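# Summary of the model geometry
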Amino acid sequence: MLVPVKWLKDYVDINVDIKTFADAMTMSGSKVEAVEEMGKEIDNVVVGKILKVDRHPDADKLVITQIDVGNETIQIVTGATNIKEGDYIPVAQNGSSLPGGVKIKKGKLRGIESNGMLCSAQELSIPLDNLPPELLDGIYILDKEYPLGMDIKEVLGLNDAVIDFEITNNRPDCLSMIGIAREAAATLGEKLKYPEIVVAENDENISNYVSIDVQNEELCPRYTARVVKNVKIQASPGWMQDRLLKSGVRPINNIVDITNYVMIEMGQPMHAFDLDKLAGKKIIVRNAKEGEKLTTLDEVERTLSESMLVISDQDRAIAIAGIMGSSNSEIDESTKTLVFEGANFQAVNIRLSSKKLGLRTEASSRYEKGIDAELAEKALERACNLVQLLGAGEVVGGKKDIYSVPKQSKHIKLDTERARKFIGADISTEMMKEYLESLEFSVDSNFNVTVPTFRDDVEIEADLIEEVVRIYGYENIPSSLMDTTFTQGGKSYNQKLVDRAKDILTAQGLFEVYTYSFVSPGVFNKINLKAENPMRNAIKLINPLGEDQSIMRTTMIPNIMEVIARNYNKKIEDGQFFELSKVYLTEKLPLSDLAEEREVLTIGMYGNIDFFDLKGKVENLMEELNIKTYRILSSNHDSLHPGRTAELIINNKRIGWLGEVHPDVLDNYGVPVRAFMAELNFDEIINQSNPEIKYRSLPKYPSVSRDIAVVVNEEITAGQIEEIIKNKGGKTVEDVKLFDIYRGSQIENGYKSMAYAITYRSDEKTLTEEEISKVHNKILNSLANQVGAILRQ
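Positions within a chain are numbered from 1, following the residues in the order the chain's sequence is written. Per-residue local features are limited, in this predicted model, to residues with pLDDT of at least 70; the limit for side-chain atom pairs, both in listing and counting, is 80 or more; totals at the level of whole chains, interfaces and linings are taken over all residues. Only hydrogens and water are set aside when side-chain values are computed; all heavy atoms of the structure are taken into account.

Okay, the overall build of the protein chain next. The helix count covers DSSP runs of H or I at least four residues long, the strand count covers runs of E at least two residues long, and both are numbered beginning at the N terminus. The secondary structure content of the protein chain amounts to 20 helices and 39 strands. Within these notes, the globule rule equals 2.2 Å times the number of residues to the 0.38 power, and the radius of gyration is based on C-alpha atoms. Relative to the globule expectation of 28 Å for 793 residues, the C-alpha radius of gyration of the protein chain, 43 Å, shows a markedly less compact shape. For the C-alpha atoms alone, the extent of the protein chain along its principal axes is close to 125 × 80 × 60 Å. Buried means the residue's accessible area, taken with a 1.4 Å probe over protein chains only, is under 20% of the maximum for its type, while exposed means over 50%, and partly exposed covers the values in between. Split into buried and exposed, the 793 residues of the protein chain put 49% on the buried side. Residues are treated as being in contact if the distance between any of their heavy atoms lies within 4.5 Å. Within the protein chain, residue pairs in contact and separated by at least 24 positions form 69% of the contacts whose partners lie at least 6 positions apart. Element-wise, carbon and sulfur atoms account for 47% of the exposed surface of the protein chain, whose accessible area totals about 40600 Å². Counting rule applied: Lys, Arg positive; Asp, Glu negative; His and chain ends not counted. Every charge is mapped onto a representative atom, which is NZ of Lys, CZ of Arg, CG of Asp or CD of Glu. If the 94 positive side-chain charges of the protein chain are averaged to one point and the 123 negative ones to another, these points end up 4 Å apart. Here, Shrake-Rupley sampling with a 1.4 Å probe gives the accessible areas, and only protein chains in the shown set may cover a residue.

Taking strand neighbours across the sheet as the criterion, the four strands line up as β37-β38-β36-β39 in an open arrangement whose pairing is antiparallel. Edge positions in the sheet fall to β37 (733–742) and β39 (790–791), since each of these pairs with one other strand and no more. Fitted lines through C-alpha atoms serve as axes, helices being fitted only where they are in contact, and the angles separating the N-to-C directions of these axes extend from 0 to 180 degrees. Set on the sheet, helix α20 (residues 769–787) makes contact with β36 (704–713), β37, β38 (751–760) and β39; between it and β36 the angle comes to about 15°. Two strands pair if DSSP finds at least two bridges between them.

Here we take up the side chain of N260. Mapping N260 onto the fold places it in helix α6 (residues 254–266). Excluding residues within four positions of it along the chain, N260 makes contact with L244 and V249.

Turning our attention to helix α9 (residues 375–390). For a helix, the expected span equals 1.5 Å multiplied by the residue count minus one. Here α9 spans 22 Å end to end across 16 residues, near enough to the 22 Å set by a 1.5 Å rise per residue. Across the 16 residues that make up α9, a large majority, twelve, are buried. Among all positions in α9, only L375, A376, A379, L380, E381, R382, A383, C384, N385, L386, V387 and L390 are buried. Directly after α9, the chain includes G391, whose backbone phi takes a positive value near 65°.

Right, let's get into the sheet that holds strand β34 (residues 653–661). In spatial order, the strands read β27-β30-β31-β35-β34-β33-β32; together these seven strands make up an open sheet with mixed pairing. Across the chains shown, the open sheet's two edge strands, defined by having one partner strand only, are β27 (511–512) and β32 (630–634).

Here we come to unusual backbone geometry. P590 follows L589 through a cis peptide bond whose omega is -5°. Position of P590 relative to the elements: it lies in the loop between β30 (575–585) and β31 (596–606). We note that N528 has phi near 70°; this positive angle belongs to a residue other than glycine. Counting through the fold element by element, N528 comes out in the loop between α14 (523–526) and β29 (551–552). Backbone geometry places N652, a non-glycine residue, at a positive phi of 65°. Tracing the backbone shows N652 in the loop between β33 (640–650) and β34. The exposed category is assigned to N652, whose relative accessible area is 68%.

Right, let's get into the nonpolar core. Grouping buried Ala, Val, Leu, Ile, Met, Phe, Trp, Tyr and Cys residues that are joined through side-chain atoms within 4.5 Å yields what is termed a nonpolar core. Counting 51 residues, the largest nonpolar core has L8, I258 and F340 as its most contacted members. At the level of secondary structure, the elements contributing two or more residues to this core comprise α1 (5–8), α2 (18–27), β11 (161–165), α4 (177–188), α5 (238–246), α6, β21 (338–344) and α9. If one sorts the elements of this core by residue count, α9 sits on top with seven residues. Leave out the neighbours within four places in its chain, and I258 touches M240, F340, A383, L386, V387 and L390. Formed by 40 residues, the second largest nonpolar core is a distinct cluster that contains V214, A225, M308 and L357.

It is worth spelling out the packing of aromatic side chains at this point. Only Phe, Tyr and Trp rings are paired, with Trp represented by its six-membered ring, and only when their centres lie within 6.5 Å; those with planes under 30 degrees apart are stacked, over 60 edge-to-face, the remainder tilted. Applying the stated criterion across every chain, the model contains six aromatic pairs. Pairwise contacts between aromatic rings join W7, W239 and Y261 into one cluster. When the ring centre of F454 is taken as reference, the NZ or CZ atom of R182 above it lies at 3.9 Å. One cation-aromatic arrangement involves K526 over Y669; the distance from NZ or CZ to the ring centre is 4.1 Å. For a Lys NZ or an Arg CZ to count as sitting over a ring, it must be within 6 Å of the ring centre and within 35 degrees of the ring normal.

In terms of strand pairing, strand β12 (residues 211–214) meets strand β15 (residues 282–287) through four bridges, oriented parallel. Bridging across to β15, S211 finds its partner in K282.

Below, the discussion takes up the environment of A185. Looking at the element boundaries, A185 is found in helix α4. Not counting the four nearest positions on each side in its chain, A185 is found in contact with V12, E190, K191 and L192.

On to the packing of helix α10 (residues 416–423) against helix α12 (residues 461–472), then. Interaxial distance between α10 and α12 falls to 10 Å at its minimum, and their mutual angle equals 65°. For the pair α10 and α12, the sense of crossing is right-handed. Between α10, through R418, A419, F422 and I423, and α12, the contact on the second element is made entirely by E461, I465, V468 and V469. For this classification, the nonpolar set comprises Ala, Val, Leu, Ile, Met, Phe, Trp, Tyr, Cys and Pro, the charged set comprises Asp, Glu, Lys and Arg, and every other residue, Gly included, is treated as polar. Per-class residue counts for the contact of α10 with α12 are six nonpolar, no polar and two charged. In a left-handed crossing the near helix is turned counterclockwise from the far helix by less than a right angle, and in a right-handed crossing that turn is clockwise.

Examined against the element boundaries, R226 turns out to sit in strand β13 (residues 222–229). If sequence neighbours within four positions are ignored, R226 has contacts with V199, E201, I206, L338, V339, F340, L380, E381, C384, V395, G398 and K399.

This part covers the pattern of salt bridges. We define a salt bridge as a side-chain nitrogen of Lys or Arg found within 4 Å of a carboxyl oxygen belonging to Asp or Glu. Under the criterion given, the structure shown has 54 salt bridges. Close ionic contact of K52 with D54 constitutes a salt bridge, the shortest N to O distance being 3.7 Å. Exposure remark for K52: the relative accessible area of 41% places this residue in the partly exposed category. Across the salt bridge formed by E771 and K765, the nearest N and O atoms sit 2.5 Å from each other. Look at the salt bridges and you will find they share partners, linking R171, D173, E183, R455, D457, E467 and R470 into a network.

With twelve residues, α12 ought to run about 16 Å at 1.5 Å a step, and its terminal C-alpha atoms sit 17 Å apart, in line with that. When you tally the buried positions in α12, you get nine out of twelve residues, the bulk of the element. Every buried residue belonging to α12 is among E461, D463, L464, I465, E467, V468, V469, R470 and I471, and all of these are buried. For α12, the secondary structure elements touched by its buried residues are α2, α4, β24 (410–413), α10, α11 (429–438) and β26 (448–451). After α12 finishes, the residue G473 shows a positive phi value of roughly 110°.

On to the confidence of the model for the protein chain. Within a predicted model, pLDDT stands for the predictor's per-residue confidence, ranging from 0 to 100. Summary statistics for the protein chain give a mean pLDDT of 92 and a share of 99% for residues scoring 70 or more. Per-element confidence in the protein chain is highest for β27, whose mean pLDDT is 97, and lowest for β32, whose mean pLDDT is 86.

Moving on: the environment of V310. Looking at where V310 falls in the secondary structure, it is placed in strand β18 (residues 309–312). By relative accessible area, which is 0% here, V310 ends up buried. Along the backbone, V310 and V285 are 25 residues apart, and their C-alpha atoms lie at a distance of 6.0 Å. In contact with V310, not counting residues within four places along its chain, are I284, V285, R286, N287, A288, L304, A317, A319 and A321.

In this section: the environment of E37. With respect to the helices, strands and loops of the structure, E37 is situated in strand β2 (residues 32–37). With 126 residues separating them along the chain, E37 and I163 place their C-alpha atoms 8.5 Å apart. The residues contacting E37, other than those within four sequence positions of it, are I18, D160 and A161.

Here you go:
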């Protein structure tokens, strides 16, 4: 909300500078978004009168003017075309300053001395949006005679500041000058000054002019009205126009401006109807008829529904209640008698109607937040008061006020001792009472607090404590440690291991993803799970969002396949992903106990890679988690390629599978390239990990390396051979590395040659050739006996 400070000072004394005031208001809960100090950069610009205008002897488009600025007459050369003798205009004298850092100095234009500049609205940074067309271009011509030499900031109201407050939805009472003034008075410790409202009405009776019928009191709890006759439609006085402009409202005429002025001042939207345009001199508040048409003031025909509330006369709707009036009853130059409306409408209905119509106005934005019903009559009286102040008409005696169920104040008991403990500051009972009363709460001697009707946001004792502390000042609460014993937080071993695993995987180039735990029952067919596979025993949701998210996942292979498919379809040539999250397993359905929430690691890869890239990443993970006793052996899985699938075994326990994705699964997901997948039980990996890291000293004795090449059946895996070498070599074998696999003309079909480098070393002595040969031959014999290996010469 835009708040002109000069206007605000009508209601509260502000004896601090604008920055201090803005900071104080923010600290007390009225957040300041911006402060615009108007005319701050303007200096030595005064009112001048044009005495004479002569043509420039050497320039067709320039004129020479003689300007009376009060204490002297100065000569100014200008190119303005909209000036004439007798005009009062803003004059920037020699040495003056204008917005944007512009400095004005005397000089010569085509040989003629010029001692200043005549100013336009733009040069004075006057907002152009709401100016009349004649003032948009050329020199700014003042509307009347002003004392010559008077500071132009005083004349144009530029010695003001406008503060933009951010008003939260729970504080509609602050969407008004008086609401902000109330907050300012409490913040600064000043007294709130309400405008003096006196209405001198004639001896006629409003009932002889108009009747009011509220047919839906649920949507319209209160409707008040007053009649004004002998209306004189004219422009509003300058002070009112200036205040409206600074508040972001365009002046129209005195009556419309009064309704807008009251809305900004008091927070109550107002409307005025031309009484002579109302059929039957009736105002009826009713629900619209389905399909009823109404042309609003913005000249748009709108189709209404039964849920919307309208104001109508005897024949037709004349306004959408709380949103916008109609052109069929608007105030214009011919208006002689009018009806002022001050009403209260249900917030929810206004919001829904406004949204359905796509029409949001200053009135609707206030009504939809909730307006105090007690405000309607006060605003109505203020509007009539301004009519008399402006000499715009004669107020007819009496008023209509339909208010069947008056709004009741809330009563809350405040425990001051509890408030002090809650706040953490020793605020006296007297100060608490003073703070609450400054915000217009009533407090009795037992601290029974009566909440003002405009504060719907205050409902419980904690709300009262908040009111106390924000006026006391959050910055005044002493800092102190909580009087308790803290337990230092930290991650568990399992959590640290999960973080470690994620770091290891991302360090190997994989991207972590998160996918939904709810999946479609159809994913089991897409990943080729057999009908008897226990993974199909998925837990069904009672109230799913849809079929695609109707069960809880038992495997993350479908999720990672969707990630691969999505990335491939977006022309990403290769991708490596992992998810470490939960699957939900149960032995039987329906559930008789809680499901097992198993932590599972799923890896998916495609692009310029093969099985050994995936295998290497799994092996690196095992090594980094200090798991030494693992094997990767040939196996089968429904979703993986036959013959290209392995299982991870740790301490003779299957942990999961890894391998190439089955071609049928790739087809089901529309992925035409090879992809590789691993799914591992991470809970078991955590159980098998060894947190203890043992260090050994650097070897004192030399190592000896020997290479062997053995021919074995194609079904024999590298892991089997490595296991035999390590078991038979014992502590003497320090390292085993596979460095070559050969298939070719020299090897019989169905067989392969595998070459290993074996490193021998002892921690106790230098091994002799005889000792090494003994162990080496033992390994060769075991390979021949266990896997039928033949030493290749």
